[in-house]
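Residues per chain, in single letters:
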Number of protein chains: 2
Amino acid sequence: MVKGNHMRAVTIDDVAKKAGVSIKTVSRVVNREPNVRAATKEKVEAAIKELNYRPNQSARGLAARRSYMIGLLYDNPSPNYLANLQSGVLEACHEKDYGLALNPVSFHDPDLVETVVHWVRQSSIDGVILTPPLTDSIPLLEALSQQNIPSAVISSRGTGDAPAALIDEEEAAYEMTRHLIISGHRDIAFIKGHPDHYASGLREKGFLRAMESEGVPVAPGFMEQGYFDFASGQEAASRLLDLPKRPTAIFASNDDMAAAVIFEAHSRKIDVPGELAVAGFDDTPLSRQIWPGLTTVRQPIRAMGHQAAGLVLDTLAAGKGADEERKDVIQVDFELMIRGSTATSR
Amino acid sequence: MVKGNHMRAVTIDDVAKKAGVSIKTVSRVVNREPNVRAATKEKVEAAIKELNYRPNQSARGLAARRSYMIGLLYDNPSPNYLANLQSGVLEACHEKDYGLALNPVSFHDPDLVETVVHWVRQSSIDGVILTPPLTDSIPLLEALSQQNIPSAVISSRGTGDAPAALIDEEEAAYEMTRHLIISGHRDIAFIKGHPDHYASGLREKGFLRAMESEGVPVAPGFMEQGYFDFASGQEAASRLLDLPKRPTAIFASNDDMAAAVIFEAHSRKIDVPGELAVAGFDDTPLSRQIWPGLTTVRQPIRAMGHQAAGLVLDTLAAGKGADEERKDVIQVDFELMIRGSTATSR
DNA sequence: TTGAAAGCGCTAACAT
DNA sequence: ATGTTAGCGCTTTCAA
């Protein structure tokens, strides 16, 4: 493959000339539009191949008023979450020859809605994927829908406002709680997730439902507020472990907080899992890298990213707008990962 | 702000009208071209701000024959590394109204060079940023240079093949090793990094230099090969801790492997730091979330991403090609983070 | 220092 | 089933 530094790029005109058709016909073939005779199509495809033609994305975007890019919106997710999600989204984009534009935003920005809509308009982003907690901003969802911007959400309230890829958060928390109860625990404390996240409520609900259905009471002071970060987990853990009658098990709403619980236990010489069982949520690498290994809930973030991107791209492929929005909800399976932090035999 | 469904995006004409100048003048301001009176410039900037104008990338790309995008190439970095780096790069891109295109590739792909060059050409990517170990692929660097594709590397052999943002890896390893020696250790083992990474060699060199200069011999079997992942750290740690006369300190070439050392120590009831001191490299969140806290070397990845993007964008701004490539090397400061895993008084 | 005019390569709307 | 004609919003010439 020899190329000079300033080789003129092959354009649609070159292809049209070589195939002996108009540029519009070439355009039709490239965009897989109907109404092209098979023979014509073949001629054009041959010319494209011979010239090694690739449409200029800028020209395409300018003329068609779209960018052939979808946007990923996020607010300060954990590195692990972002990397996995992005990897899945990129994969799906790659399959459909779409590009990915990233946009880190702030959930609490009063101009969030305007910022996002403006970004989409100015960049001609064709569709967007939202991640928690942005997925739980009703004004944002409404604006996107009203502005006819195709979108999909990762995890969400599942109200069907937009297509979604999610797990059954409540059921996952329910099952994890049952695991603790079945392991013999009755003094189980819970550290809640960040209140901005709708999923936090679901996890809490799952916990409470399991306790109630098993007839295990939640002791006073055993429900602590956390914010998904290590520091808040540490504070919550401190309070719980300083209680006169401390819990024998703590279920934290995510792994970072669970790791903080273990950290605090270690520093007080409280044996995990002997004196204290700990469970988390997310199955981050961290859960395998601390000692003892952390029992947690695995969600297939990567796959969910892939699915969500697929939902957006399907909408795009279906109708050029998001008019007849298909409000799919893809529920994927979670998995309980039982590790050392809740081991019973020792 | 009321907007209909098909609100026309703000264009350069709107800005020109509002500022009372021609579109060319707006263009000059946007592109920071010279020969614009300060007063005019201010008027235009005010209009841009008021209308919240962002240039249409497709139109820009079409007219200027470039994409206004830079590419970020990576091969399976740790989530934390990727998230931080990307954040810095995005920030720099945002400042200059550039877009970012991501490209996960494989260092061992025999078609790596062709894949990358083709991708850059097809997408009209204006320049690229390489991350380790891609930064250490001579053929890749040569191809980019030969094809006149502006690029910058994050960390590298520092040979000046391309502009780079890096820390003094060897010196960092040297100082960490000295910290261990000064803390009273003499039986110090080292777990090497992935051999694909040039930095691995530098870190090893720093370790050996410190040992030698302090007159501390490296015991047989005290140099272990690792691959930067937790599993390889575990294996290396197992071998080291099973030695008849085991080390009193282990310096692992990154945090994941150091965490594995601590994990293995815990599971053998070896007290850290009492019986075994452990040091890592990277200052990942993990280093603060395991117990005891991990002594490590902090590199400002985010800042390095920002710098590297700046180097590429500067090249782009300077000459339209990378003709008179400025082979800058920006060295940023590292920092020793001393935490519990190497504490002396207990 | 500024502006007017001419495209960049493609798709959309309307021919035929 | 295929072609013609206008732009899309910007940068580039070149002129003033």
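Our subject is the structure that appears above.
The model shown is predicted, which means the values in this text are computed figures rather than measured ones.

Rules and cut-offs
Residues numbered from 1 in each chain as written. Chains lettered and ligands numbered in written order. Predicted model: local features only at pLDDT ≥ 70, side-chain atom pairs only at ≥ 80, totals over all residues. Heavy atoms only, no water. Helix = DSSP H or I, 4+ residues; strand = E, 2+ residues; numbered from the N terminus. Contact = heavy atoms within 4.5 Å. Least-squares fit on C-alpha atoms with pLDDT ≥ 70 in both. Pairing = 2+ DSSP bridges. Axes fitted to C-alpha atoms, helices over the stretch in contact; angles between N-to-C directions. Salt bridge = Lys/Arg side-chain N within 4 Å of Asp/Glu carboxyl O. Buried < 20%, exposed > 50% of the residue type's maximum accessible area, 1.4 Å probe, protein only. Buried area = accessible area lost by both parts, 1.4 Å probe. Polar contact = N/O pair within 3.5 Å; in protein donor to acceptor, adjacent residues only side chain to side chain. Nonpolar A, V, L, I, M, F, W, Y, C, P; charged D, E, K, R; others polar. Near = heavy atom within 4 Å. Parallel < 35°, antiparallel > 145°, perpendicular 65-115°, else oblique. Core = buried A, V, L, I, M, F, W, Y, C linked by side-chain atoms within 4.5 Å. Phe/Tyr/Trp six-rings, centres within 6.5 Å; stacked < 30°, edge-to-face > 60°.

Peer 1: Tell me about the side chain of Thr25 of chain B, and please be specific about residues and values.
Peer 2: Tracing the chain through its elements places Thr25 of chain B in helix 2 (residues 23-30). Setting aside its immediate chain neighbours within four residues, Thr25 of chain B contacts Thr40 and Val44 of chain B.

Peer 1: Describe the relation of the copies chain B and chain A, with residues and values.
Peer 2: Superposing chain B onto chain A takes a rotation of 179° combined with a translation of 1.0 Å along the rotation axis, leaving an RMSD of 2.2 Å. Interpreted geometrically, this transformation is the action of a two-fold axis. Of every C-alpha in chain B, the one belonging to Ser58 of chain B sits nearest the axis of rotation, 1.6 Å from it. Of the residues that chain B buries at the interface, 85% are likewise interface residues in chain A, meaning the two copies contact each other through the same surface.

Peer 1: With reference to specific residues and values, describe the sheet that holds strand 2 (residues 99-104) of chain B.
Peer 2: Paired through their backbone hydrogen bonds, the strands of a sheet run either parallel or antiparallel. Residues and elements named next belong to chain B. The 6 strands lie next to each other as 2-1-3-4-5-11, forming an open sheet whose pairing is parallel. On the outer flanks of this sheet lie strand 2 and strand 11 (329-331), each paired with one strand and no other. Recorded for the sheet is a direction-independent mean angle of 20° between the axes of neighbouring strands. Where strand 1 (residues 69-74) meets strand 2, 6 bridges bridge the pair, whose relative direction is parallel. Bridge pairing in strand 2 links Met69 to Gly99. Contacting strand 1, strand 2, strand 3 (127-130) and strand 4 (151-154), helix 5 (residues 79-95) runs over the sheet at an angle of about 150° to strand 2. With respect to the sheet, helix 13 (residues 301-318) is in contact with strand 1, strand 3, strand 4, strand 5 (164-166) and strand 11, its orientation differing from that of strand 4 by roughly 165°.

Peer 1: Could you give an account of the pattern of salt bridges, naming the residues involved and the relevant values?
Peer 2: Scanning all chains against the criterion turns up 33 salt bridges over all chains. Between Asp283 of chain B and Arg339 of chain B there is a salt bridge, with its nearest N and O atoms 2.9 Å apart. Within this pair, whereas Asp283 of chain B is found in the loop between strand 9 (277-279) and helix 12 (286-289), its partner Arg339 of chain B is found in the segment after strand 12 (335-337), the two being separated by 56 residues in sequence. Its relative accessible area of 11% is what places Asp283 of chain B among the buried residues. Among the ionic contacts, a cluster of salt bridges with common partners joins Glu170, Glu171 and Arg209 of chain A.

Peer 1: An account of the interface of chain B and chain A is requested, with residue identities and associated values reported.
Peer 2: Between chain B and chain A, the residue contacts involve 47 residues of the former and 43 residues of the latter. Between chain B and chain A, a total of about 3,900 Å² is buried, with carbon and sulfur atoms accounting for 58% of that surface. For the pair chain B and chain A, the number of links is 0 salt bridges. Where chain B packs against chain A, one counts 2 residue pairs in polar contact (both at pLDDT 80 or more). Within the residue set of the side of chain B that touches chain A, elements represented by two or more residues are helix 4 (57-64), strand 1, helix 5, strand 2, helix 6 (112-122), helix 11 (255-267) and helix 12 of chain B. For the side of chain B that touches chain A, a count of residues per class yields 23 nonpolar, 17 polar and 7 charged.

Peer 1: Could you give an account of the protein's contact with DNA strand C, naming the residues involved and the relevant values?
Peer 2: Near DNA strand C, the surroundings consist of 25 residues, among which Ile12 and Tyr53 of chain A together with Thr25, Asn35 and Thr40 of chain B are the closest. Across the atoms of DNA strand C situated within 4 Å of the protein, the share located in sugar and phosphate is 64%. The separation between a phosphate oxygen of DNA strand C and a polar side-chain atom of Asn35 of chain B is 2.4 Å. Within the contact set of DNA strand C, a base oxygen lies 3.3 Å away from a backbone nitrogen or oxygen of Ala63 of chain B. The element that contributes the greatest number of residues to the surface near DNA strand C is helix 4 (residues 57-64) of chain A, accounting for 4 residues. The residue inventory of the surface near DNA strand C, partitioned by class, reads 11 nonpolar, 8 polar and 6 charged.

Peer 1: Can you tell me about the protein's contact with DNA strand D, naming the residues and giving the values?
Peer 2: Every one of the 26 residues lining DNA strand D counts as a neighbour, but Thr25, Asn35 and Thr40 of chain A together with Ile12 and Lys24 of chain B are closest to it. Close to the protein, within 4 Å, the atoms of DNA strand D are drawn from sugar and phosphate at a rate of 62%. In this structure, a base oxygen belonging to DNA strand D sits 3.0 Å away from a side-chain N or O atom of Arg28 of chain A. At a separation of 3.2 Å, a phosphate oxygen of DNA strand D approaches a polar backbone atom of Asn56 of chain B. Elements with a contribution of two residues or more to the surface near DNA strand D: helix 2 (23-30) and helix 4 of chain A together with helix 2 and helix 4 of chain B. Broken down by element, the surface near DNA strand D gets its largest block of residues, 4 residues, from helix 4 of chain B. The residue inventory of the surface near DNA strand D, partitioned by class, reads 11 nonpolar, 8 polar and 7 charged.

Peer 1: How would you sum up the packing of helix 2 of chain A against helix 3 (residues 38-51) of chain A? Please name residues and give values.
Peer 2: Residue and element names in this part refer to chain A. In the contact formed by helix 2 and helix 3, the axes pass within 10 Å of each other and the chain directions differ by 85°. One way to sum up the angle between helix 2 and helix 3 is to call them roughly perpendicular. Contact residues: helix 2 offers Thr25, Val26, Val29 and Val30, while helix 3 offers Thr40, Lys41, Val44, Glu45 and Ile48. Partitioned by chemical class, the residues of the contact of helix 2 with helix 3 number 5 nonpolar, 2 polar and 2 charged.

Peer 1: I'd like a description of helix 2 of chain B, backed by residues and values.
Peer 2: Of the positions making up helix 2 of chain B, those classed as buried are Thr25, Val26, Ser27, Val29 and Val30 of chain B. Arg32 of chain B lies just past helix 2 of chain B and shows a positive phi near 50°.

Peer 1: So what's going on with the environment of Thr295 of chain B? Residues and values would help.
Peer 2: Residues and elements named next belong to chain B. Residue position: Thr295 is located in the loop between helix 12 and strand 10 (296-298). Exposure remark for Thr295: the relative accessible area of 0% places this residue in the buried category. With 12 residues separating them in the primary sequence, Thr295 and Asp283 have C-alpha atoms 8.2 Å apart. When sequence neighbours within four positions are dropped, the list of residues in contact with Thr295 reads Met176, His179, Val278, Ala279, Gly280, Met337, Ile338, Arg339, Ser341 and Thr342.

Peer 1: Please provide a residue-by-residue account of the nonpolar core, values included.
Peer 2: In this structure, Ile70, Ile129 and Phe251 of chain A together with Ile70, Ile129 and Phe251 of chain B are the most contacted members of the largest nonpolar core, which totals 92 residues. Membership of the second largest hydrophobic core comes to 52 residues, among which are Phe230 and Ala258 of chain A together with Phe222 and Ala252 of chain B.

Peer 1: Tell me what's going on with the packing of aromatic side chains, and back it up with residues and numbers.
Peer 2: Enumeration according to the criterion identifies 8 aromatic pairs over all chains in this entry. For the ring pair Phe190 of chain A and Phe207 of chain A, a centre distance of 4.6 Å and an interplane angle of 20° mean the geometry is stacked. One end of the pair, Phe190 of chain A, is in strand 6 (residues 188-192); the other, Phe207 of chain A, is in helix 9 (residues 198-213), and 17 residues separate them in sequence. In terms of burial, Phe190 of chain A and Phe207 of chain A fall into one category: buried. When the ring of Tyr68 of chain B is compared with that of Tyr98 of chain B, the centres are 5.5 Å apart and the planes differ by 50°; the resulting orientation is tilted. Linking Tyr68 of chain B in the loop between helix 4 and strand 1 with Tyr98 of chain B in the loop between helix 5 and strand 2, this pair joins segments that are 30 residues apart in sequence. A residue is classified by how much of its surface remains accessible, and Tyr68 of chain B, at 8% relative accessible area, is buried. Looking at Tyr98 of chain B, the relative accessible area reads 13%, which means it is buried. Among the aromatic residues, ring-to-ring pairing joins Phe190, Phe207 and Phe251 of chain A into one connected group.

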